[in-house]
Every structure is written in C-alpha cells, then in structure tokens.
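Report on the structure
Below are the chains, spelled out letter by letter.
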Amino acid sequence: MRCLIRYQLREEELPSHHEFNAEAPDTELVIRHLTEFLHPEVMFEFLPVQPGAKDGITQLRDRMAHARDYLEQYCGLKSLSYMILPEGASSAQGRWTTLLLGGGEPGPISRLD
C-alpha cells in the first residue's frame, strides 16, 4: 500500500508532502514514519496500552492526544493529513484523513501523482 502524507510545519507557509510504502499502514505507522523522517535522532513511542486500566476507547483517545501533542510541540507540525492507496491508484481516488488541523480551514488539496 502507498501512504501519502501532507504536513505543514508552523514556520512554513505551504504544506509539504512525503510518501512511503508499507504492507498495512495505519495511523500509528504514519505518525512513527513521519516523526522518524522529520527527526531521525528520536524514536517516538506511543503510550502503552494498559490492560484493565481504562476502556479501550479512552486509552486510544489518550494515546492519540499524546501523539498530537508530540507532533505539535516537538516536531513543530501545524497540520497533518494522510491518505492510504492501493498500488497503482492515484490520489484522486483516495480520501485524506486529518490528524492535526491548525489555522482554520484546510488549504487546497493538490494531487501528488
């Protein structure tokens, strides 16, 4: 599968794009890959799942809130969206999933292929 990432750093006026391939990309892999790309000297780790501590939904929300804080504070991200596509598909066939949205409405979506 092909994963397209559109992100914008706080100090940048326009979004940047990054792409990688993985067998089964998901939100966690997108965040890990982008943080490694932006800051290879640091390995981001999600909060561990605590069996029996809280319900699964609450833990998932806590883990994503922690990841968003990291992306905003440490990586300096203003916005982050990603799209997962089967090999050979164009970005016109996909849909962006937004993880961070800063500064109001999203800008125009550009095709990446």
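Quick summary incoming for the structure in this document. Note on numbering: residues in each chain are counted from 1, in written sequence order. The predicted nature of this model means local features are confined to residues of pLDDT at least 70 and side-chain atom pairs, given and counted, to a pLDDT of 80 or more, with totals for whole chains, interfaces and linings taken over all residues. To get the side-chain values, all heavy atoms of the structure are used, and hydrogens and water are removed first.

**Some points on the pairing of strand β3 (residues 77–85)**
Just so we agree on the cut-off: Three exposure classes are used, based on accessible area relative to the maximum for each residue type with a 1.4 Å probe and protein chains only: buried under 20%, partly exposed in between, and exposed over 50%. The numbering of helices and of strands both runs from the N terminus, where a helix is a DSSP run of H or I of at least 4 residues and a strand a run of E of at least 2. At least two bridges found by DSSP between two strands is the condition for calling them paired.
Within β3, seven of the nine residues are buried, leaving the element largely enclosed by the surrounding structure. Pairing of strand β1 (residues 2–9) with β3 involves eight bridges; the strand directions are antiparallel. From the neighbouring strand, L9 faces β3, where its bridge partner is L77. Two elements, β3 and strand β4 (residues 97–100), share three bridges in a ladder whose sense is antiparallel. Bridge assignment links L80 to a residue of β4, and that residue is L100.

**Remarks on the pattern of salt bridges**
Pairs can form between side chains of opposite charge once their charged atoms are near each other. For the record, the criterion: We define a salt bridge as a contact between a side-chain nitrogen of Lys or Arg and a carboxyl oxygen of Asp or Glu at a distance within 4 Å.
Scanning all chains against the criterion turns up three salt bridges. A salt bridge links R2 to E19; its shortest N-O distance comes to 2.9 Å. Here E19 lies in strand β2 (residues 16–21) and R2 lies in strand β1, a separation of 17 residues in the sequence. You can call R2 buried: its relative accessible area is 9%. A relative accessible area of 39% places E19 in the partly exposed class. Here R63 ties to E28 by a salt bridge, and the two come within 2.7 Å at their closest N and O atoms. Here R63 is found in helix α2 (residues 56–73), whereas its partner E28 is found in helix α1 (residues 27–38), with 35 residues between them in sequence.

**Quick word on the environment of Y74**
Keep this limit in mind: Residues count as neighbours in contact if any of their non-hydrogen atoms are within 4.5 Å of one another. Polar contacts, as used here, are pairs of N or O atoms within 3.5 Å; protein pairs need one atom able to donate a hydrogen and one able to accept it. Residues neighboring in sequence count only if both atoms are side-chain atoms.
Along the chain, Y74 turns up in the loop between α2 and β3. When neighbours within four sequence positions are excluded, Y74 is seen to be in contact with H39, E41, V42 and D69. Within polar-contact distance, the side chain of Y74 engages the side chain of E41 at 3.2 Å.

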